[in-house]
Amino acid sequence: MDKSLPFPDYHDYDRRERPVTAMAKDFPPDYRTGPHQHPSGQLVYALYGVVVAHTEMGRWVVPPTRALWMPPSVRHELRMVGAVRMRTAYIHAEASRQLPPHCSVMAISPLLRELILAAIDIHGPYDEHTRDGRVMRLLLDELRQLPTLPLRLPRPAEPRLQAVCEAIVAAPDDKTTAQGWAHRLGVDAKTVHRLFVRETGMTFGQWRQQARLLAALERLAEGAKILDVALELGYASPSAFSTMFKRQFGVAPSAFFDQ
């Protein structure tokens, strides 16, 4: 069933001449924005719930305590996992030049979180020398120094590799090896490995692992138990899954949403 809803009314925010504007929007489970883009850069942050973003370059999973930075004019679609309380900051194209030129997931510091919430309450033009102007400048300063996080799944452009990747995303527990995929494609395993590195910057094993871990984030956000998620994704045990999860994200899955 198509669960797409009309786009949120963001046009009053993403086209202003001010360096920063911010808006609050709550979404029901499984909401999809449909493909769109903004003339401003966009910081997507959810107080609650998980956002999955799709662009031509890949797929990003954005849980609470994280935010997705998208430069101006990046065509994207957002999907909500569970109910989502989104808080978005739009950064004017001129101010965006000092931010990353590519989409990236960032850790949200407690200070930036409060600045985003404060920015939502700032309406109308503001003078840079007022309290409102200082809030917006500090928001930009804080955003510029945030570390990026490995929550991206690169999307290859090569058609054969796209088919492989789509199959893995659809069934992350599939244990087909690179040799097995090579056989299906009518090429040798070295070709599969070479294509993955060239197209995604990852080996076949790294890409499949990342696909599984991002799928795990979505399932955990939906309230699934760690045991169930580990088995669904093809791990031999919850401990094996937790070890891999902590190696990639720095914390155990049980603590990820509590940071």
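The shown structure was predicted, so the numbers you read here are calculated from the model rather than taken from an experiment.

Novice: Pulling in residues and values, what's your account of the overall build of the chain?
Specialist: If you tally the helices and strands in the chain, you get 9 helices and 8 strands. The C-alpha atoms of the chain give a radius of gyration of 19 Å, which matches the 18 Å a tight globule of 259 residues would have. The dimensions of the chain, computed from C-alpha atoms along their principal axes, are 65 × 40 × 35 Å. Here the chain holds 259 residues, and 49% of them are scored as buried. For the chain, the accessible surface area stands at approximately 12600 Å², while carbon and sulfur atoms represent 53% of it. Of the side chains in the chain, 32 bear a positive and 28 a negative charge, and the two mean positions are spaced by 5 Å.

Novice: Please give an account of the packing of helix 2 (residues 110-120) against helix 3 (residues 131-144) that cites residues and values.
Specialist: The interhelical angle for the contact between helix 2 and helix 3, taken along N-to-C directions, is 140°, at an axis separation of 10 Å. When the axes of helix 2 and helix 3 are compared, the pair comes out oblique. Crossing geometry of helix 2 relative to helix 3 is assigned as left-handed. Residues Leu111, Leu112, Leu115, Ile116, Ala118 and Ala119 of helix 2 touch helix 3, and the partners they reach there are Arg131, Val135, Met136, Leu138, Leu139, Glu142 and Leu143. Per-class residue counts for the contact of helix 2 with helix 3 are 11 nonpolar, no polar and 2 charged.

Novice: Just give me the short version of the packing of aromatic side chains, but keep the residues and values in it.
Specialist: All chains considered together, the criterion is met by 5 aromatic pairs. Chaining the aromatic ring pairs together yields one cluster made of Phe196, Phe204 and Trp207. Above the plane of the ring of Trp181 lies Arg184, whose end atom (NZ or CZ) is 4.4 Å from the centre. It is Arg212 that lies over the ring of Tyr235; its NZ or CZ is 5.9 Å from the centre.

Novice: An account of the confidence of the model for the chain is needed here, citing residue identities and associated values.
Specialist: A residue-level look at the chain finds 95% of positions with pLDDT of 70 or above and a mean pLDDT of 88. Counting contacts from residues 1-8, a segment whose pLDDT is below 50, to residues more than four positions away or on other chains yields 16 contacts.

Novice: Give a description of unusual backbone geometry that names residues and reports values.
Specialist: Backbone geometry follows two general trends: most residues other than glycine have a negative phi, and most peptide bonds adopt the trans configuration. A positive phi angle, near 70°, is found at Asp30, a position not held by glycine. Relative to the helices and strands, Asp30 resides in the loop between strand 1 (20-27) and strand 2 (41-55). Even without a glycine there, the phi angle at Ser73 is positive, about 70°. Here Ser73 lies in the loop between strand 4 (66-70) and strand 5 (76-91).

Novice: Account for the side chain of Arg79, with residues named and values stated.
Specialist: Looking at the secondary structure, you find Arg79 in strand 5. Residue contacts for Arg79: discarding those within four places in its chain leaves Tyr31, Arg32, Val50, Val51, Val52, His54 and Glu218.

Novice: Please provide a residue-by-residue account of the pattern of salt bridges, values included.
Specialist: All told, the structure shown has 11 salt bridges when counted by the stated rule. Residue Asp141 is joined to Arg144 by a salt bridge in which the shortest nitrogen-to-oxygen separation is 3.2 Å. Of this pair, Asp141 and Arg144 both sit in helix 3, 3 residues apart, roughly one helical turn. Accessibility expressed as a relative area gives 32% for Arg144, which makes it partly exposed. Linking Arg198 and Glu199 is a salt bridge whose minimum nitrogen-to-oxygen distance equals 3.1 Å. Taking the relative accessible area as the measure of exposure, Glu199 reaches 23% and is therefore partly exposed. Taken together, the shared-partner salt bridges connect Arg59, Arg79 and Glu218 into one network.

Novice: I'd like to hear about the environment of Phe249, residue by residue, with values.
Specialist: Note on placement: Phe249 falls in helix 9 (residues 238-249). With 100 residues separating them in the primary sequence, Phe249 and Leu149 have C-alpha atoms 8.0 Å apart. Apart from the residues within four sequence positions on either side, Phe249 is in contact with Pro150, Leu151, Leu213, Leu214, Leu217 and Phe256.

Novice: Lay out the side chain of Arg208 with the relevant residues and their values.
Specialist: Turning to its location among the elements, Arg208 is positioned in helix 7 (residues 204-221). For Arg208, which is buried and forms no salt bridge, the nearest opposite charge comes from Asp174, at a distance of 6.0 Å. Those residues within four positions of Arg208 in sequence are excluded, and the remaining contacts are Ile168, Asp174, Lys175, Thr176 and Thr177.

Novice: Give a detailed account of the pairing of strand 2, specifying residues and quantitative values.
Specialist: Extensive coverage of strand 2 is indicated by the burial of 12 of its 15 residues. Alignment of strand 2 against strand 4, held across 4 bridges, turns out to be antiparallel. If you follow Val44 over to strand 4, its bridge partner there is Leu68. Where strand 2 folds back on strand 3 (residues 58-62), the antiparallel hairpin that results is connected by 2 residues.

Conventions and cut-offs
- Residue positions are given per chain, counted from 1 along the sequence in the order it is written.
- Given that this is a predicted model, residues contribute local features only at a pLDDT of at least 70 and side-chain atom pairs are listed and counted only at 80 or more, while totals for whole chains, interfaces and linings are drawn from all residues.
- With hydrogens and water excluded, all non-hydrogen atoms of the structure serve as input to the side-chain values.
- Counting from the N terminus, the helices are DSSP H or I runs at least four residues long and the strands are E runs at least two residues long.
- Note that the radius of gyration is over C-alpha atoms, with the globule rule given as 2.2 Å times the number of residues to the power 0.38.
- Burial status follows relative accessibility: with a 1.4 Å probe on protein chains alone, a residue under 20% of its type maximum counts as buried, one over 50% as exposed, and anything between as partly exposed.
- Throughout, the Shrake-Rupley method with a 1.4 Å probe supplies accessible areas, and for residues the shown protein chains are the sole cover considered.
- Under this rule, positive means Lys or Arg and negative means Asp or Glu; His and the chain ends count for nothing.
- Here the site of a charge means NZ on Lys, CZ on Arg, CG on Asp, or CD on Glu.
- Here, axes are lines fitted to C-alpha atoms. For helices the fit covers the stretch in contact, and angles between N-to-C directions go from 0 to 180 degrees.
- Roughly parallel covers angles under 35 degrees, roughly antiparallel covers those over 145, roughly perpendicular covers 65 to 115, and oblique covers all other angles.
- Take the far helix as your reference; a near helix turned counterclockwise from it by less than a right angle gives a left-handed crossing, and one turned clockwise gives a right-handed crossing.
- Between two residues, a contact is recorded if the distance between any of their heavy atoms is within 4.5 Å.
- Each residue gets one label: Ala, Val, Leu, Ile, Met, Phe, Trp, Tyr, Cys and Pro are nonpolar, Asp, Glu, Lys and Arg are charged, and the others, such as Gly, are polar.
- Here is the rule: rings of Phe, Tyr and Trp (six-membered ring for Trp) pair when centre to centre is within 6.5 Å. Planes less than 30 degrees apart are stacked, more than 60 are edge-to-face, and the remainder are tilted.
- The rule is short: NZ of Lys or CZ of Arg within 6 Å of the ring centre and within 35 degrees of the ring normal puts a charge over the ring.
- Along the chain, pLDDT gives the predictor's confidence residue by residue, from 0 to 100.
- Basic side-chain nitrogens of Lys or Arg form a salt bridge, by our definition, when they fall within 4 Å of a carboxyl oxygen of Asp or Glu.
- Each pair of strands is called paired provided DSSP finds at least two bridges between the two strands.

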